[in-house]
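Coordinate inspection notes
Residue strings, one per chain:
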Amino acid sequence: MNFPVVFIVTAFLVLLAVPFIPDKWKGYAALAASLWIAVISSAMSVTALAGGEVEFTLVTSYIWGNIPFVIDPLSAWFILVVNLIVVPGVWYSPGYLRGYGQSANLSLHYVMLVWMHLSMIMVCMVQSGLAFLFVWEIMSLSSFLLVIFDNQQRSVLKAGLNYLVQMHISVICLTVAFFIVYRSEDGFEFSRIGEYFAGHNNIPLFLLFFAGFGFKAGIVPFHTWLPHAHPAAPSHVSGIMSGVIVKMGIYGIFRMTTLLQSDMLPIGNMVMVAGMVTGIYGILHASVQKDVKRLLAYCTVENVGLIVMGIGLGLVGQHAGNAFLTLAGYGSALFHVLNHALAKALLFFGAGAVYRTVHTRNLDRMGGLAKIMPRSAGLFLAGSLAIAGLPPLNGFLSEFVLFFGFIKGVMLADTTESIIIILGVTAIALIGGLSVLAFTKTFGAMFLGTPRTPLPADCGEPAAGMRRPQYVLAAVMLLAALVPFVSFGVVSGVVSGTFDIAWNLLPDVSGFTGLLQKVSFVMVMFTAVVLAVVALRNMATRRLPEREGDTWGCGSRQPCARMQYTGSSFTKPVGKLFGSLLPVRKNYRRVSREDVFPRQARYAYAYDDWVEARLIRPAARLVNRLSAISLRIQDGRLQWYIMYGLLFILAIILLTWLKIM
Amino acid sequence: MLSLILILATSLYFSGIILRTKSILSGRKGPGIMQPVYDYARLFRKGAVYSRTVTPVFRLAPAVYFSAVLFAAFLVPFGSARGLLSFDGDFVVFAYLLAAGKFFMILMALDTGSSFEGMGASREAMFSLLVEPAFFILIGSFALLTGHTSLYDIYAAFHFSGPVSYAMAVLAGFVLLLIVAVENSRLPVDDPKTHLELTMIHEVMILDNSGFDLGLIMYAGTLKFAVYGSLIANFFMDHSWPFYIFIPVFFAIQLLFAIIIGCIESFGVRFRMSHNAQFIFTLSSVSLLIFFGVLLMLGKL
């Protein structure tokens with residue numbers, strides 16, 4: 001069976017069938033299609049991981065040539081992660097969208113969900129530049145349509161267009177890069193890129209690819225679409241985008257890394273520094289946000305930073321011929337791709353459940369939800385622990401691998417390397433600390449304390465259909481944490497199968513997995529100690545008197561909910577400390593002395609994105625000003641346009657006649 | 001196992017020594033050395049008052065915090081004896097466990113919905129995030145110096161790297177001393193003697209805790225002192241010594257550590273809250289100094 005054909009047929013079947021299914025069942029049809037795709041592609045991926053060859057060729061017309069579809073261990077890993085996130089996401093969607101949207105809108109949404117799923121799998125499989133750009137574009141367009149589900153809102157459309165424009169700047173970079181290879185090697189296959197790298201300077205082309213994929217991955221300064229698109233999109237779409245679409249950018253960078261032939265040291269250093277900047281920038285912005293989904297979007301930027309740091313370390317290790325560093329660097333990156341995807345999807349689904357209950361994303365208006373939705377609170381807590389990289393969940397394991405790799409990297413012979421890597425250690429430590437701050441803030445402001453604004457009358461746990469996918473994700477997270485023997489075992493297999501390095505110099509590749517298994521065991525022991533202490537406490541306090549009272553207000557008689565610390569006040573000190581990176585946009589009106597009848601004073605402030613404020617907006621203004629010049633010849637009168645056409649033809653004739661061109 | 005027993009033993013008298021030092025220096029007679037232990041024991045037998053706003057997180061957090069510190073003690077070696085658990089990269093687990101404990105403490109403070117406790121939580125989160133790089137640069141430097149990545153191996157190899165390394169150890173002791181001051185919210189970052197208006201970090205976070213939970217939190221604080229104290233002590237204990245020298249030296253160093261903290265608290269003053277961040281950054285710079293020192297020692301610079 002030729003699976004690419006099966007996929008394409010599935011895509012068109014869904015397109016034809018979903019509009020005719022009753023609204024109630026559309027979501028389940030999409031789920032069925034998604035499951036079908038997931039089962040086939042996962043089976044192929046498992047075959048590929050087990051060492052089998054999975055290759056297909058799609059025979060097409062002259063332009064495309066024969067398109068090679070290959071699943072190697074690297075693509076297999078990404079395909080598995082995609083399936084793990086997209087299926088729960090599609091499962092979650094009917095519950096989240098219940099009561100929203102018109103029939104046509106829903107049909108488009110569900111069709112696009114399936115198309116996005118398919119396009120991501122194709123992106124991982126296609127091994128030829130032109131076809132790659134095609135599926136890449138389908139992925140961008142389908143996710144764009146998914147983002148603008150709520151298209152009646154101006155802000156949503158604006159965020160969607162922002163995403164669309166940035167994705168196309170990315171496509172320009174990629175297209176140029178593929179054509180550079182085409183001109184020199186006369187072919188679009190990925191193997192030609194390797195040939196190009198063998199004969200040319202590696203740095204410029206790699207950087208072009210890095211920028212192109214960096215837009216998708218959200219590497220600073222290409223990250224500015226994330227904090228706009230994620231809050232605008234429905235929560236399951238945000239979860240999928242943050243969990244896996246962003247990872248397609250990472251996949252692209254990984255793929256190019258496998259093709260590199262030389263200059264790995266300078267490239268590795270650049271990538272590592274880009275990762276550090278991205279990580280610190282992302283988590284700093286995350287910690288000060290008020291909008292929970294915007295916060296999660298910046299947190300994705302941070303985690304991409306960690307992943308990219310891992311890739312950089314892997315490159316440096318490859319250059320040094322150090323098998324251990326290569327494994328630790330690439331391994332931590334691949335492992336973190338999984339761990340971050342799981343935790344982030346869980347958090348976005350949780351944020352969506354909260355949004356459906358309280359109808360706001362503003363952390364400063366929430367509070368006390370743990371009493372109303374205890375199960376969602378528990379799930380969100382698990383996600384927060386995992387994403388903050390704390391024991392005993394899976395996020396800690398990949399952070400451990402990265403950290404351990406960096407500490408080992410300090411011992412490299414080269415002094416410059418030692419210094420860059422110790423800065424990396426500092427960055428990881430700082431990122432870890434800041435994510436504790438960001439996620440205690442998020443969880444605390446959402447679920448703890450008392451409600452800061454009155455809750456709607458009918459609030460409670462979300463529908464079971466929205467909770468079940470979260471349980472699945474949490475269970476997979478737990479599994480990944482408990483048996484790194486399997487999860488990291490697969491990762492180390494992928495790394496050793498993909499990167500050509502003297503693995504036999506590493507005394508024991510499985511020893512590293514063994515170490516991780518030990519760490520996991522230590523985390524289980526830690527959990528056991530916690531449980532033992534809790535049991536001890538319960539036993540000791542069983543007979544003791546217990547009273548309930550008000551929170552101690554330090555003498556104030558009437559404590560009220562608005563006196564609580566909000567998320568904003570919680571992170572204000574950090575905002576002040578790193579003020580130069582976190583510009584504040586204030587919008588206020590004072591009551592002035594001249595106001596005879598003073599109007600109401602108001603005060604609003606929000607943290608601005610430094611890159612957006614200092615780089616993107618000035619650039620956009622420049623483009624606007626330039627296009628204002630060309631506006632002079634565009635006045636809407638048909639006569640003028642006909643004359644432009646005539647002038648153009650005349651110019652062509654003249655130029656040909658004078659033999660200038 | 002030995003290290004765990006010794007750390008637990010130290011934790012019994014550590015706070016008492018600090019208190020006694022402070023009382024002697026201020027001309028008072030002061031409580032007995034074991035008084036803090038009696039206080040914990042009393043708290044463990046007391047009933048508790050819980051706020052109406054709290055969720056189960058509030059009851060869970062003290063246990064997680066205490067377990068995290070206890071488990072961190074499992075990882076600390078004692079001279080030539082390994083810690084209860086010892087593996088490559090154990091110091092990463094050490095730091096992240098303490099962070100997990102802190103994560104729950106911060107949530108606990110936010111759970112009460114009190115503005116005071118929120119403020120304390122905010123500061124605790126910020127100061128502990130700033131202190132984290134100092135710890136990792138420090139350990140990273142020693143990993144570079146010794147070529148090992150577990151606490152036991154680092155200490156073991158450390159004693160073979162010549163007398164200059166003891167200069168590093170003094171600097172490291174200084175950094176660790178101040179890290180624990182930040183971790184436990186003691187002078188010069190925060191003053192635990194005063195209440196409310198002036199104590200703005202740790203003590204203000206636990207305003208609503210009482211009974212057994214409060215006892216656990218207080219004891220965890222002392223235990224943390226003992227854990228960091230033994231991290232310092234390990235720098236100065238040669239592995240070739242027999243045990244009958246080892247153990248007295250260990251206790252002597254812990255005693256000295258407690259007395260130094262007592263002296264700092266007697267003669268020092270608390271920084272202005274806004275200056276704390278700068279102060280903690282200096283810790284990271286001292287750690288970087290150690291790192292460059294190590295590079296020099298290895299002839300890489």
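1. What to know about the overall build of chain A
Per the secondary structure count, chain A includes 23 helices and five strands. Relative to a compact globule of 661 residues, whose C-alpha radius of gyration would be 26 Å, chain A shows 27 Å and is just as compact. Every one of the 661 residues in chain A was classed for burial, and the buried ones make up 57%. Considering only residue pairs separated by 6 or more positions, chain A has 80% of its internal contacts joining residues 24 or more positions apart. When the 47 positive and 30 negative side-chain charges of chain A are each reduced to one mean point, those points stand 13 Å apart.

2. Quick look at the overall build of chain B
Secondary structure summary: chain B contains eleven helices and one strand in total. Taking 2.2 N^0.38 as the reference for a compact globule, 301 residues should give roughly 19 Å; the C-alpha atoms of chain B span a radius of gyration of 19 Å, in line with that estimate. If one aligns the C-alpha atoms of chain B with their principal axes, the spans along those axes are about 60 × 40 × 40 Å. A total of 301 residues make up chain B; the buried ones form 66% of that total. Across chain B, contacts joining residues at least 24 apart in sequence account for 80% of those joining residues at least 6 apart.

3. Here's the deal with the interface of chain B and chain A
Tallying the contact residues gives 76 residues for chain B and 75 residues for chain A. Between chain B and chain A, a total of about 6,600 Å² is buried, with carbon and sulfur atoms accounting for 77% of that surface. The partner of B:R52 in a salt bridge is A:D550, with the nearest N and O atoms 2.8 Å apart. Remark: the boundary between chain B and chain A carries 18 residue pairs in polar contact (both at pLDDT 80 or more). With 17 residues, helix α5 (residues 115–146) of chain B is the largest single contributor of residues to the side of chain B that touches chain A. When grouped by side-chain class, the residues that make up the side of chain B that touches chain A number 50 nonpolar, 16 polar and ten charged. Here strand β3 (residues 546–549) of chain A runs beside strand β1 (residues 48–51) of chain B; their pairing, made up of four bridges, is parallel. Residue pairing in the sheet places A:E548 in a bridge with B:Y50 of β1(B).

4. Description of the domain arrangement of chain A
As assigned here, chain A comprises domain 1 (3–361 + 372–527) and domain 2 (613–661). The distance between the C-alpha centroids of domain 1 of chain A and domain 2 of chain A comes to 41 Å.

5. Focus on the environment of A:S107
Residue and element names in this part refer to chain A. Structurally, S107 is set in helix α4 (residues 103–125). For S107, a relative accessible area of 7% gives the class buried. Remark: the alpha-carbon pair of S107 and L31, spanning 76 residues in sequence, is separated by 13 Å. Apart from residues no more than four positions distant in its own chain, S107 is found in contact with V18, P19 and K26. A polar contact of 3.3 Å, which involves the side chain of S107, links it to the side chain of K26.

6. Digging into the packing of helix α13 (residues 323–358) of chain A against helix α19 (residues 484–498) of chain A
Pairs of packed helices are described in terms of their axes, by the angle between the two and the distance that separates them. Residues and elements named next belong to chain A. Orientation of α13 relative to α19, taken along the N-to-C sense of each, is 120 degrees, at an axis distance of 9 Å. Looking at the two axes, α13 sits oblique to α19. α13 and α19 meet at a crossing whose hand is right-handed. Contacts between α13 and α19 involve T326, L327, Y330, G331, L334 and F335 on the former and, on the latter, S487, F488, V491, S492, V494 and V495.

7. Regarding the packing of helix α11 (residues 264–288) of chain A against helix α21 (residues 567–577) of chain A
Residues and elements named next belong to chain A. Taken N-terminus to C-terminus, the directions of α11 and α21 make an angle of 140 degrees; their axes are 8 Å apart at the nearest point. Taken together, α11 and α21 sit at an angle that is classed as oblique. Each of L284, S287 and V288 in α11 lies in contact with α21, whose residues at this interface are T571, V574 and G575. When the residues that make up the contact of α11 with α21 are grouped by side-chain class, the tally is three nonpolar, three polar and no charged.

8. A few points about the packing of aromatic side chains
Under the defined criterion, the tally for this structure stands at 69 aromatic pairs over all chains. Geometrically, the ring pair formed by A:F403 and B:F136 is tilted, given 4.2 Å between the ring centres and 35 degrees between the ring planes. Highlighted residues: A:F403 in helix α16 (residues 394–410) and B:F136 in helix α5, drawn from two different chains. Of the two residues, A:F403 and B:F136, both sit in the buried class. Sitting over the face of the ring of A:Y605, A:K572 holds its NZ or CZ atom 4.8 Å from the ring centroid.

9. Some thoughts on helix α23 (residues 638–657) of chain A
For α23(A), which comprises 20 residues, the first-to-last C-alpha distance of 29 Å matches the rise-based estimate of 28 Å (1.5 Å per residue) to within 8%. A:K659 occupies a position one or two residues after α23(A) and carries a positive phi of about 55 degrees.

10. Digging into α5(B)
Residue and element names in this part refer to chain B. Compared with an ideal rise of 1.5 Å per residue, which puts 32 residues at 46 Å, α5 spans 47 Å between its outermost C-alpha atoms and is within 8% of the ideal. In terms of burial, α5 is a largely internal element, 29 of the 32 residues being buried. N-capping of α5 is provided by S114, with a side-chain oxygen placed 3.2 Å from the backbone N of F116. Just beyond α5, the residue with positive phi is G147, at close to 75 degrees.

11. Some words on a nonpolar patch on the surface
Residues and elements named next belong to chain A. Where nonpolar side chains cluster on the molecular surface, the patch consists of L638, W640, Y641, I642, M643, L646, L647, L650, L654, W657 and L658 and spans about 1,200 Å² of accessible area. Mapped onto the elements, M643 comes out in helix α23. A relative accessible area of 36% means that M643 is categorised as partly exposed.

12. A look at the pattern of salt bridges
Residue and element names in this part refer to chain A. As enumerated under the stated definition, the model contains 15 salt bridges over all chains in all. Linking D291 and R361 is a salt bridge whose minimum nitrogen-to-oxygen distance equals 3.0 Å. Taken together, the residues D291 in the loop between α11 and α12 (292–320) and R361 in the loop between α13 and α14 (369–372) connect sequence positions 70 residues apart. On the basis of relative accessibility, which here comes to 16%, the residue D291 falls in the buried class. A relative accessible area of 26% means that R361 is categorised as partly exposed.

13. Points about the environment of B:L177
All names here are of chain B. Looking at the secondary structure, you find L177 in helix α7 (residues 164–183). The buried category is assigned to L177, whose relative accessible area is 13%. Sequence separation between L177 and Y228 is 51 residues, and the spatial gap between their C-alpha atoms is 7.7 Å. Once residues within four sequence positions are removed from consideration, L177 is found in contact with I232, F257, I260, I261 and I264.

14. A short note on the side chain of A:S41
All names here are of chain A. Relative to the helices and strands, S41 resides in helix α2 (residues 23–49). In terms of polar contacts, S41 uses its side chain to reach the backbone carbonyl oxygen of I37, at 2.8 Å. The residues touching S41, leaving out its near neighbours within four places in the chain, are F7, I79, N83 and I121.

Conventions adopted
- Residues numbered from 1 in each chain as written.
- Chains lettered and ligands numbered in written order.
- Predicted model: local features only at pLDDT ≥ 70, side-chain atom pairs only at ≥ 80, totals over all residues.
- Heavy atoms only, no water.
- Helix = DSSP H or I, 4+ residues; strand = E, 2+ residues; numbered from the N terminus.
- Rg over C-alpha atoms; globule rule 2.2 N^0.38 Å.
- Buried < 20%, exposed > 50% of the residue type's maximum accessible area, 1.4 Å probe, protein only.
- Contact = heavy atoms within 4.5 Å.
- Lys, Arg positive; Asp, Glu negative; His and termini not counted.
- Charge placed at Lys NZ, Arg CZ, Asp CG, Glu CD.
- Buried area = accessible area lost by both parts, 1.4 Å probe.
- Salt bridge = Lys/Arg side-chain N within 4 Å of Asp/Glu carboxyl O.
- Polar contact = N/O pair within 3.5 Å; in protein donor to acceptor, adjacent residues only side chain to side chain.
- Nonpolar A, V, L, I, M, F, W, Y, C, P; charged D, E, K, R; others polar.
- Pairing = 2+ DSSP bridges.
- Domains from an automatic or database assignment.
- Axes fitted to C-alpha atoms, helices over the stretch in contact; angles between N-to-C directions.
- Parallel < 35°, antiparallel > 145°, perpendicular 65-115°, else oblique.
- Left-handed = near helix turned anticlockwise from the far one by under 90°.
- Phe/Tyr/Trp six-rings, centres within 6.5 Å; stacked < 30°, edge-to-face > 60°.
- Lys NZ or Arg CZ within 6 Å of the ring centre and 35° of its normal.
- Expected span 1.5 Å × (residues − 1).
- Patch = residues over 30% accessible without salt bridge, like charges linked within 9 Å, V, L, I, M, F, W, Y side chains within 5 Å.
- Areas by Shrake-Rupley, 256 points an atom, 1.4 Å probe, with all protein chains shown as cover.

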